Structures are given as C-alpha cells and as structure tokens.
Amino acid sequence: MKLIQSNCEKNIETSQSLGLENPPPSRRVVKEANPRFPGGRYDQFLVVSTYEIGLLQVAGAALVLLFFVLLNILLSSSMNTELIVDNTDDYSITIPKLFFEVSNDYQQSLSRWQDQYSRDVCLFAGHHYESSSDDPTVFTSTVFPSNSKQQPSVGNGYLATVIYSNTVYVNGLYNGKSTSSHRARVPSTAAITASLQESPVSASHLYTLDVAKGVFVHQITTDDIEVIHTTYAHQVLNRLLVNQIIISRKSNKSDEISVKLDTNFLPKSIDINFKENPLKDNIRSMQGGIITPEHDSTQVVTAYVYWTDVPSCITLPKDVSARQYNFITSISKISGDEAYYFHTEGLKMAANNELYLSHVAAWETKWRNGHIDIDNVYLSRIIYSSMYYILSSLPPLNTTGRLDFPFYGLAPGGLANGGGNQDYMGHVFWDQETWMYPPIMLFHPNLAKSMLSSRTRHIDAARNIAKFNGYNGTMYPWEMAFSGYDVCPDRTVGKFEQHVNGDIAYALQQYVRMTEDVQFLLEENGFDLAKGLAEFWYSRVYNISNTKYGVKGVMPPDEYHKNVNNSVYTNMVAKISLLLPEQLAQMLNTSVPECWSDVGNQMYIPYDASLKYHPEYDGYQLGTVVKQADAILLQFPLMYDMPDDVQVNDLLLYETYKGKPVTNPDGPAMTWAMFTINWLKLKNFTKAYNVFNKTFANIQEPFMTWTENPDGTGAVNFQTGMGGFLQTITFGFGGIRIRSCLEFDFVLPPKSTTFNITGLNYLSSSLNFVARETSLSITLTEDNYRSIFPSLQLIVSKTETYDLKLGKTVKIARVPARICKKQIV
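Note that residues are indexed from 1 along each chain, following the sequence as it is written. This being a predicted model, a pLDDT of at least 70 is required before a residue's local features are given, and a value of 80 or more before pairs of side-chain atoms are given or counted; all residues contribute to the totals for chains, interfaces and linings. To obtain the side-chain values, all non-hydrogen atoms of the structure were included, while hydrogens and water were left out.

Novice: Could you clarify how one ought to interpret the overall build of the protein in this entry?
Specialist: Runs of H or I in DSSP of at least four residues are treated as helices and runs of E of at least two as strands, each being numbered from the N terminus. The secondary structure content of the protein amounts to 19 helices and 39 strands. Contacts in the protein between residues at least 24 apart in sequence constitute 68% of all its contacts with a sequence separation of at least 6. By definition in these notes, contact holds between two residues if any of their heavy atoms fall within 4.5 Å.

Novice: Explain the pattern of salt bridges to me, please; I cannot follow it from the model alone.
Specialist: Close approach of charged atoms allows side chains of opposite charge to pair. Every case where a carboxyl oxygen of Asp or Glu lies within 4 Å of a side-chain nitrogen of Lys or Arg is listed as a salt bridge. According to the stated counting rule, one finds 22 salt bridges in the structure shown. Ionic pairing is found between D745 and K683, a salt bridge with its closest N-O pair at 2.7 Å. On the criterion of sequence distance, the pair formed by D745 in the loop between β32 (742-744) and β33 (755-762) and K683 in the loop between α17 (671-681) and α18 (685-692) is long-range, its members being 62 residues apart. The buried label goes to any residue with under 20% of its type's maximum accessible area, the exposed label to any with over 50%, and the partly exposed label to all in between, with areas taken from a 1.4 Å probe on protein chains only. We classify K683 as partly exposed; its relative accessible area is 39%. Through salt bridges that share partners, E276, R284 and D309 make up one connected network.

Novice: Explain unusual backbone geometry here, please?
Specialist: Leave glycine aside and you will find that most residues have negative phi; peptide bonds, for their part, are mostly trans. For the bond running from F636 to P637, omega is 15°, close enough to zero to count as cis. Structurally, P637 can be placed in the loop between α15 (594-601) and α16 (644-653). The amide bond that connects E701 to the next residue, P702, takes the cis arrangement and shows omega of 5°. When you line up the elements, P702 lands in the loop between β29 (699-700) and β30 (705-706). Unlike most non-glycine residues, M639 shows phi in positive territory, near 60°. As for its placement among the helices and strands, M639 is situated in the loop between α15 and α16. Although it is not a glycine, L763 adopts a positive phi angle of roughly 50°. Residue placement: L763 occurs in the loop between β33 and β34 (765-771).

Novice: Help me understand the state of the cysteines in this model?
Specialist: In protein structure, a disulfide is the covalent linkage between the sulfur atoms of two cysteines. Cysteine sulfur atoms are paired as a disulfide whenever they fall within 2.5 Å. With the rule as written, the count across this model stands at one disulfide. With its sulfur 2.0 Å from that of its partner, C741 forms a disulfide with C820. Looking down the S-S bond of the C741 and C820 bridge, the torsion is 115°, so its handedness is right-handed. Taken together, the positions of C741 in the loop between β31 (737-738) and β32 and C820 in strand β39 (residues 817-821) put the pair 79 residues apart, joining distant regions of the chain. This pair shows no difference in class: C741 is buried, exactly as C820 is.

Novice: Would you mind showing me how to read the packing of helix α7 (residues 430-443) against helix α19 (residues 719-733) here?
Specialist: Packed helix pairs are specified by the crossing angle of their axes together with the interaxial distance, meaning the distance between the axes. The convention used is that axes are lines fitted to C-alpha atoms, helices contributing only their stretch in contact, and that angles between N-to-C directions extend from 0 to 180 degrees. Orientation of α7 relative to α19, taken along the N-to-C sense of each, is 45°, at an axis distance of 8 Å. Put simply, α7 runs oblique to α19. In the packing of α7 onto α19, the handedness of the crossing is left-handed. Across the interface between the two elements, D431, T434, W435, M436, P438, P439 and L442 from α7 touch Q719, T720, G723, G724, L726, Q727, T730 and F731 from α19. In what follows, roughly perpendicular refers to angles from 65 to 115 degrees, roughly parallel to angles under 35, roughly antiparallel to angles over 145, and oblique to any angle outside these ranges. Left-handed describes a crossing whose near helix is turned anticlockwise from the far helix by less than a right angle; the clockwise case is right-handed.

Novice: Teacher, can you tell me more about helix α8 (residues 445-456) here?
Specialist: Residues lying three or four places apart along an α-helix face the same way, a consequence of the helix completing one turn every 3.6 residues. The end-to-end C-alpha separation of α8 is 16 Å, in line with the 16 Å expected for twelve residues at 1.5 Å each. Taken as a whole, α8 has its buried residues at P445, L447, A448, S450, M451, L452, S453, S454, R455 and T456. An expected span of 1.5 Å times one less than the residue number is assigned to each helix.

Novice: Mind showing me how you'd approach the sheet that holds β31 here?
Specialist: Pairing between sheet strands relies on hydrogen bonds along the backbone, with the strands arranged either parallel or antiparallel. As summarised here, the arrangement of the five strands in space is β31-β32-β39-β36-β37, forming an open sheet in which the pairing is antiparallel. Every interior strand has two partners, whereas the edge strands, β31 and β37 (800-803), have only one. Sheet topology note: the strand β36 (residues 792-797)/β39 ladder contains four bridges and is antiparallel. Note that in β39 the partner of I795 across the bridge is R818. Strand pairing follows a simple DSSP-based rule, namely that at least 2 bridges must link the two strands.

Novice: Please explain helix α9 (residues 459-468) as it appears in this structure.
Specialist: Within α9, burial applies to I459, A461, A462, I465 and A466. Buried residues of α9 fall within an arc of 155° about the axis and therefore sit on the same side. Facing away from the buried surface of α9 by more than 90 degrees, the exposed residues are D460, K467 and F468. The elements touched by buried residues of α9 are α8 and α13 (526-540). Downstream of α9 by a residue or two, G470 has a phi angle that is positive, lying close to 85°. Relevant arc is that of directions from the helix axis to the C-beta atoms, nothing else.

Novice: Is there a simple way to think about a nonpolar patch on the surface in this case?
Specialist: Patch membership requires more than 30% relative accessible area and the absence of a salt bridge. Residues of like charge join within 9 Å; the nonpolar side chains Val, Leu, Ile, Met, Phe, Trp and Tyr join within 5 Å. Areas reported as accessible are Shrake-Rupley estimates using a 1.4 Å probe. Residue values count occlusion only from the protein chains shown. Where nonpolar side chains cluster on the molecular surface, the patch consists of V518, L522 and M587 and spans about 250 Å² of accessible area. With respect to the helices and strands, M587 occurs in helix α14 (residues 568-588).

Novice: What exactly am I supposed to notice about the pairing of strand β35 (residues 775-783) here?
Specialist: Moving residue by residue along a regular strand, the side chains alternate between the two faces of the sheet. Looking at chain direction, β34 and β35 are connected through seven bridges and run antiparallel. Bridge assignment links N768 to a residue of β35, and that residue is T779. Relative to strand β38 (residues 809-813), β35 runs antiparallel, the two sharing five bridges. Pairing of S777 across the sheet is with K811, part of β38.

Novice: What am I meant to see in the packing of α16 against α17 here?
Specialist: Between α16 and α17, whose axes approach to 11 Å, the crossing angle comes to 150°. One way to sum up the angle between α16 and α17 is to call them roughly antiparallel. Between α16 and α17 lies a crossing whose hand is left-handed. Across from Q647, V648, L651 and L652 in α16, the residues of α17 making contact are F675, N678, W679 and K681.

Novice: Would you explain the nonpolar core in this entry?
Specialist: Soluble globular proteins tend to pack their nonpolar side chains together in the buried interior. Of all hydrophobic cores here, the largest spans 187 residues; its most connected members are L508, F725, F744, F755, F769, L794 and I819. Among the elements that take part in this core, α14 stands out by supplying eleven residues, more than any other. If near-sequence neighbours (up to four positions away) are discounted, F744 is found in contact with G734, G735, I736, F769, L776, I778, L794, V815, P816, A817, R818 and I819. We call a set of buried residues a nonpolar core when its members are Ala, Val, Leu, Ile, Met, Phe, Trp, Tyr or Cys and they connect through side-chain atoms within 4.5 Å of each other.

Shown next, in the form of structure tokens:
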C-alpha cells in the first residue's frame, strides 16, 4: 500500500493505484452478454478506452492467476486471529476458509466475477449505469431525493443505513426502558458525499441503486473526468460498511484532479455514550454503551466502531489514469478487537480488489438461489426492489463461525429505520411472520428459520410473560425488541392484540411443511415453541358450550376495535396453534396432550348463516369501517375451508357496503394484496386486477421505497407492504398453497406473457417454474431430498403424474397441479 502525497489537507492510504498513463481519447462501448444471474436476460454496458481494455486484460489475466495465492498468503497469515465471541464459536473456521468454502454456489459466483475482473470497470473506471430500460434490477435518478421517504438504503442484516444518513442501525442494538425502547443511533462514519473541487457546468450526476449487486452508486461525469462512488454493506464481512471511490480520466488531459469529500458525521448520540479514541494509523475508533437497558434482565450493550479517517479531498495525481480509494466502517457489539479485526481484514481484501468482488458474488448467489422474472418490467422492478429491501434487513445466506450473529427479528421499516419514536421504533410485530416471512420462506428457508429463531431465542421471556398474565405456556408480546419482553408503547394495543401468538404458530407450521426440518424442532426449540403456544391458547380460551370454545377480550388485526370477543381471525390462529403440536408429534414419533387438539377442533369460528359471511367478531355490524384486511385473511393466508359463495361474500362485504368503503382505502399497504390473492383464487380477474392496482399507490420513485399508507404517511420503507406485494405475486398469481403437498395454479400477471419463479425451495429441492399463456414448465434443479426421502412427483390429475428428475423439464398445460413426496408402494 502506498502513501499518496496530495495537495489535500490530509494524506490517505489507498488500496489500489492503477498506473494507466496517458490513455488516448478514443473510446468504445462493449456490450457483453453478462446476465446478473442464471435465467437473467439483462445486458451490462461497459465503457472503457481501447487502450485501457488491452492493459486491463493483461493485468487481469495475471491477477486472476495470482488471486487465490494472494488471498491465501495475505489473508491466512493475517486473519487467523481468534476472536472469542462466545463459547459456541467454531474456532477451526477462519474467514479465509469461509470466503472460499462458504458454499459451492458462492464459489461459482466468485469465479464468474473473477473471470470478469479484467473487464469490470466497476473495479477501476468507467462503470456506467445507463443500463437498458428493461433491466428491473437497476434504479437511477439524476437527482438524489430530499424526501426521506424516497431515499434508499443498504444493509446486510447486521447493520444498515439510509444513504447519506447520519445514522447506522445495528441488529439487536436498542436503547430505552421498556416501552421507550427503540433502535440506538450509531453515528454514521460512512455517510460520505463526493463532489468535484472545480465542477464544470457540464458535470452530470447519476444516482443508482443496483439491487443485483447490492450497491448504491453516485456517478459524476464531465468531458474529462469520471468519479464512481459506491456504497454497500458487505455481505461476507457483515460488520462492514464500505465506501469505494474511483477517480478516472476520460481524455488525454493529465492535470491533477481533486475530489472533495464531505461527511455527515455527527458524533453525539442520544442513545449511546460514545468516547472517541486517539487516531492511530489513519484509523479512528470509538466505543460506548447504551444509556438505558430495555429490561431488568438485560445488561448494557456496548457498540465499538472503527473507521478509516476521511480527508477533506482525495486526488488523482498527474499522469495517472485511475485511482481507487476505500473508506471502511466496522461496527461490533462484541468487542473493540472484533471491530478492529473486521476493519483490518476489509482493508486487506480491498488492497487485493477482493472486497467488492466477494460482496457482489454473495449477492449474485442470493439472487440465483431465488428470484422472480415477469416480462412486465414495471412489476419486475417492484418485485426485485421489494426482495432487495427485505433481504437487506436479513442475515447473509451464510454466516458460519465468527461471521454468525444472533438475529433479533424483522421490523416493519426494516433495519435501516426505527430510531426515536419513528417507524415503529424498530420493534418486531406480527408483520414479520405474516407479511415478510412467507415470500422469503419460499426461496430461503434458512432465512425463514432465522426469523423463527428470533422467537425461540426469547422463549423464556415469553414464558415469564404468560405467567405474569395468569396463563400457561409461552405468550409473546405484540411488540418485542432486544429482551423479548413487551415494548409496546400503546398499553391498550399491547394488552389486547394477542393474535401474534397464533401468527407465530402458523409460520412455524408453514416452515415445517416446506422443509420437514426435524433438527430445528428437536435441537433449536422449534417443537417447544409449538407446544408453548398451544399451552398458552389452551389456558386462554373459554368454554362457550360443551362443544365450542372461544377467546374473550382481544384486539383483532383491525385495530379500530379493541377488547372484542371471538375475533374470527384470532380464533382461527388459536385453532391452528392448538392443532399444530399433534401434527408435529406425528412427524417426531412422540405425543402431546390430546386436550389441545380436542379444543382446537372445537374452536368457534364466527359465521352468519343467513348472510353467508364471517363477522369480524361477536356483535360486528355490517358496514362498520375496519382498518385493514382481517376476516378475509381466513381464506388466505389461513386457508380455512369454506364454500366459494361465502368467500365472495366476505370479500364483497369487507370492501364496500351500500356503496361506502368498509376497509379503509387509505389503510396499510398490505391490505389490497390479500384481496387480490383471494379474488385470484376465485378466478374473478376483473376484481383481482382492480384491487391489485391499489397496491401501487404506496410505492415511491425513483428507488421503489414504500410508505405504510398511500398518502405517504406512516412507516418509511414499509417492508410489511413489500411482503404483502410479493405474496400477491407468489401466492396470488402463482397460486401457491403449502399444505401436505406444494400446490400451485399459475395465472399470468397483467400485461405479461411469461412468469418465471426460479429457485423455489421445497423439501431441500430447488424448483424452477416457467408459466406461459397455455403451458407451465417445471424443472428440478437441485435435489438434496432424494438421498433421504422418496423422490418428488408432479401430480396434475389422477391419470397424469410425473416423477421429477434432476435437470429434466416437465411441460404441462397451465392448470392447477401439485408436487408431493412420491408414495412408496
């Protein structure tokens, strides 16, 4: 690493200086077939000089040959430092081993990016984001939005930040006692803005969110200069936020170029008592504990921050064609040693141009493992952006050994929001299990398990809450954060909205049906979770008659009504909770109390036989306004069996009554997703498309963020709404239902002729679906299930069945079908 002398106020170490001297002005555009991930159809435009291409190819070939040698030599010698995180760490696994062995998919992704190394100007200069208009993974704007509701974020499940924000939030880092608990503000040392010292009138700016790579890019271009500023939360070294800045020439002018750097660093935090340490080796650091622990059972959590000192300007020296700078922030809740360790390894990987490569390769693996493509570009843009934001708030796919961290749950505004009294304070609600969880579970069951683990982690707190309230089993609070105890600031809501305990049980049921993960049930408290929830509801119900049980004094999902009896939704999820342990016990060859299923089978589900509809609760009057989808959730997601005419009546009566809206048209974003799914199930496409169009009102351009309500109010970047929308695509237009088999009934979304679901993970097997106007093709692309269990079988009808074989595509008419375990005769 060289110390670069400049005319700036400070000097800085750079990870790479590219001595491409005196490039000629001639330039050419290279359009190469470089899909973002298999099955993709998007071209990338690379703009580099003719002279630079030759030099980069030569240099790149040598670097690719040396890549693995350098990584092993440079990193293995420096990254074997053992950090004691807890007594369960696997100290035999070092980050170099994780980097290379984390998965075969990841290795393939990394190889592809290595092959592109000498061509990918994102590592050097001229990485243009003027992508073709049909690329749904790239979102651009010539102006960065000043409205916070429109601003994008980057994250990796451990930490996240809104671009240019003065705040970073860390998973599980909260400050405030009980109902005052909120995400603790870590002052952002990564909020850097680049600008030209002498900016000509011709300078243009392009701001790009590239969700395929998981990066945000600010591109400054003049006739002579190009500056590419890339910001990302690293997907491998997950304690890191990275700013990479590349300055390059576009002409044969050789003058020194200066780029001004401004930071939005506000060191004081009202949540954490930070103290900064003396500057050492151009590295700054600070640490501090939260001011007020959340619960008497929790201790003060300390945050440690290490970051590269940011100068007031950086330069491209005279006669040098391109230069790259990296500014890295590392944050740890464990120790200063861990924060320093990750920061140091980030610098070393950056010095070998491995930091960016490994991050992009990890995102490519994530997308290749599961994505959706529709030849309606607008819908695809919403799909990709919604998946990106949710995935950015969840852990990376592979967090083995010291890269692992406890996940505390997914909040409605994601990990990048939730400070103070904003965005539900970063608390975890039913939103996690009911709205964001289902579409993630279809593609990434390990991430679904992480969300369930955020509940099992707090199973002792849930037992204490149940006991405190006079019940048995486990009673989860309406809102939880770090401790697992109640943090809901509205005491009325916190007291009555108990259906979350049924929502968790339903999520667990769906997970087990998709995975048959016995290990989670037996070794990771999954079965204890199911039994605890059943025991809670068993102690919570009351005997209406000899053959009927109900639940008094609750708040349904429709929060306009509190302290009602026999909420139809609450009673239904209580029923599911009471029946679940027996279902799991059969799988585990054990037993549970029969009384749970006895009561579950006799749960009262309110129904008006004369009007053939389900009242929302006892005493509900037709036409009474409701906040959001409630009784209609019996159809989907709960899949309660009822005649078609009852389904139609429920949907009609809860949308309008006597010409007036019943469900608040300005309510939360996910409501219309459920109406859409249920109308699609009934094949009423006119009604489905009408309510489907209402979901778009909550989307904010240019970076496809969401607001909770269509008028722009409520939580920022509302991932609950995103989850609802993704369910519209998968469970609505895909017609997916998870019962004893995987059922599906594809319908083409509006203005589309093809609909692809790639990497749906069912029973450890990966499935690709391609739906067209009259046909459906299904391919088994990965089969980890067959070695233990019978193979999978596609069943179209009693007379039309197909054994699914690895790599073989089965093409059928686009009709309802299902995939099941093949029965052994």
